[in-house]
Amino acid sequence: RLDGNAGQYTPATFLQTHVFSTPDSGATFLYPLPARAASAYSSEEQLTLRKPFSVEGLTYVPIGFDRVQLVRAEVNGLLTVPETVTYNGRTYTVVAIGAMDAEGYFDTWESVIPAGYSVTAITLPKTLHVLWDNALGSPDGALTSVTVDAANPFFDSLDGVLFTEGLHTLLL
């Protein structure tokens, strides 16, 4: 039922017309839920948003059902950010790069490359959509080249320099 003033639901009318419960209770939902929403977790170890996991020196956090953000890269030399990463039998798409602090907040001023590691070149995948400020900062100044997959719709590289798509804005 719509509120007559602004054409929006008020909290009272919304709660009167929408029931939040489980399918076992016989309640109906406005839209069908995806199958994964109705299934129970198989274990306490399943990942939740912003719960980090590491694979081959790279640490990621889930930021959606099948999407992750690279938050730490403990590698030297070439850093190749993969399109996907598999952890505990589940494959995630890498869509963002940016550091996360100890409390689980994304930190836009920290590099994902910690002090003590020396990255000289970076390869970015076609799946990357978001690159936080200073995410690829080089603590030791050794970074000399960034390469972006040609199929990436958001970023480009030319002669080892990182730009937004179409070479509009210099990023790194």
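The structure under discussion appears in the preceding block.
Residues numbered from 1 in each chain as written. Predicted model: local features only at pLDDT ≥ 70, side-chain atom pairs only at ≥ 80, totals over all residues. Heavy atoms only, no water.

Attention now moves to the packing of aromatic side chains. Tallied over the entire structure, the rule returns three aromatic pairs. Every member of this aromatic cluster is reached through a ring pair, and the members are F53, Y60, Y87 and Y92. (Phe/Tyr/Trp six-rings, centres within 6.5 Å; stacked < 30°, edge-to-face > 60°.)

A few words on the nonpolar core. Within the largest apolar cluster, 26 residues are counted, with the highest numbers of intra-cluster contacts made by Y60, L79, I97, I122 and L124. Contributions of two or more residues to this core are made by β2 (58-62), β3 (67-73), β6 (90-97), β9 (119-124) and β11 (145-148). For L124, the residues in contact, after removing those within four places along its chain, are V81, I97, L136, V146, T147, V148, D149 and L162. (Core = buried A, V, L, I, M, F, W, Y, C linked by side-chain atoms within 4.5 Å. Buried < 20%, exposed > 50% of the residue type's maximum accessible area, 1.4 Å probe, protein only. Helix = DSSP H or I, 4+ residues; strand = E, 2+ residues; numbered from the N terminus. Contact = heavy atoms within 4.5 Å.)

Sheet architecture is open: three strands sit in the order β4-β9-β11, paired in parallel fashion. Each edge of the open sheet carries a strand with a single partner, namely β4 (77-80) and β11. If you compare each strand with its neighbour and ignore which way they point, the axes differ by 15° on average. Relative to β11, β9 runs parallel, the two sharing four bridges. (Pairing = 2+ DSSP bridges. Axes fitted to C-alpha atoms, helices over the stretch in contact; angles between N-to-C directions.)

Let us now look at the pairing of strand β13 (residues 161-164). With four bridges connecting them, strand β12 (residues 155-158) and β13 associate as antiparallel partners. Counted as the bridge partner of L158 is V161 from β13. Counted along the chain from β12 to the antiparallel partner β13, the turn is two residues long, and its residue D159 has a positive phi close to 55°.

As a further point, take the environment of A96. Tracing the sequence through the fold places A96 in strand β6. A relative accessible area of 3% places A96 in the buried class. C-alpha separation for the pair A96 and T127, spaced 31 residues apart in sequence, amounts to 8.5 Å. Not counting residues up to four positions away in its chain, the partners in contact with A96 are I63, V68, Q69, L70, L128 and V130.

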